[in-house]
Amino acid sequence: MLIVLGIAEALTIHSARLVLGLTTAGFFLVYGVALVLVAVRGLWRAARWSRGPTVFTQLIQLLIAYSVWNGGARAIAGALAVLALTVLVCVFQKVSTDALIGGGSNDHPVL
């Protein structure tokens, strides 16, 4: 989703806001690629470190959905919120938690 936003921002850059457009597009593209790496290298392999960036990103997405909702694009806001909540539910399920902490051991105080 962030990669798409980065591409969309890059396609709508105007000369009046060139620096803002370039930095915003670059941020979304880099952040999107980083999330793909978290998903592929971290969550797919059930690495413990991957849960934090995943949860953080979904919480940010919920805030963005709230902002978009107040901006009038309610369908987009609803889609963003549903996707974020779905990922959060999946990450916090017992099966996911057990996989991310190494097979169900309860010795980790946070996970």
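Residues numbered from 1 in each chain as written. Predicted model: local features only at pLDDT ≥ 70, side-chain atom pairs only at ≥ 80, totals over all residues. Heavy atoms only, no water.

## Notes on the packing of helix 2 (residues 18-43) against helix 3 (residues 51-71)
The contact between helix 2 and helix 3 brings their axes to 10 Å, and the two run at 140°. The pairing of helix 2 with helix 3 is recorded here as oblique in orientation. Handedness of the crossing formed by helix 2 with helix 3: left-handed. Contacts between helix 2 and helix 3 involve Tyr31, Leu35, Val38 and Leu43 from the first element and Pro53, Thr54, Phe56 and Thr57 from the second. (Axes fitted to C-alpha atoms, helices over the stretch in contact; angles between N-to-C directions. Helix = DSSP H or I, 4+ residues; strand = E, 2+ residues; numbered from the N terminus. Parallel < 35°, antiparallel > 145°, perpendicular 65-115°, else oblique. Left-handed = near helix turned anticlockwise from the far one by under 90°. Contact = heavy atoms within 4.5 Å.)

## Section: the side chain of Gln58
Topologically, Gln58 is positioned in helix 3. Since its relative accessible area comes to 10%, Gln58 is described here as buried. With near-sequence residues (within four places) excluded, Gln58 lies in contact with Leu83, Ala84, Val87 and Leu88. (Buried < 20%, exposed > 50% of the residue type's maximum accessible area, 1.4 Å probe, protein only.)

## Topic: the packing of aromatic side chains
Ring pairs (aromatic) are described by centroid distance and by the angle formed between their planes. Within the structure shown, the criterion is met by 2 aromatic pairs. Plain terms: the ring middles of Phe27 and Phe28 are 5.8 Å apart, the flat faces sit at 55° to each other, and that makes the pair tilted. On the basis of relative accessible area, Phe28 is assigned to the partly exposed category, the value being 21%. What links up through ring pairs into an aromatic cluster is the set Phe27, Phe28 and Tyr31. (Phe/Tyr/Trp six-rings, centres within 6.5 Å; stacked < 30°, edge-to-face > 60°.)

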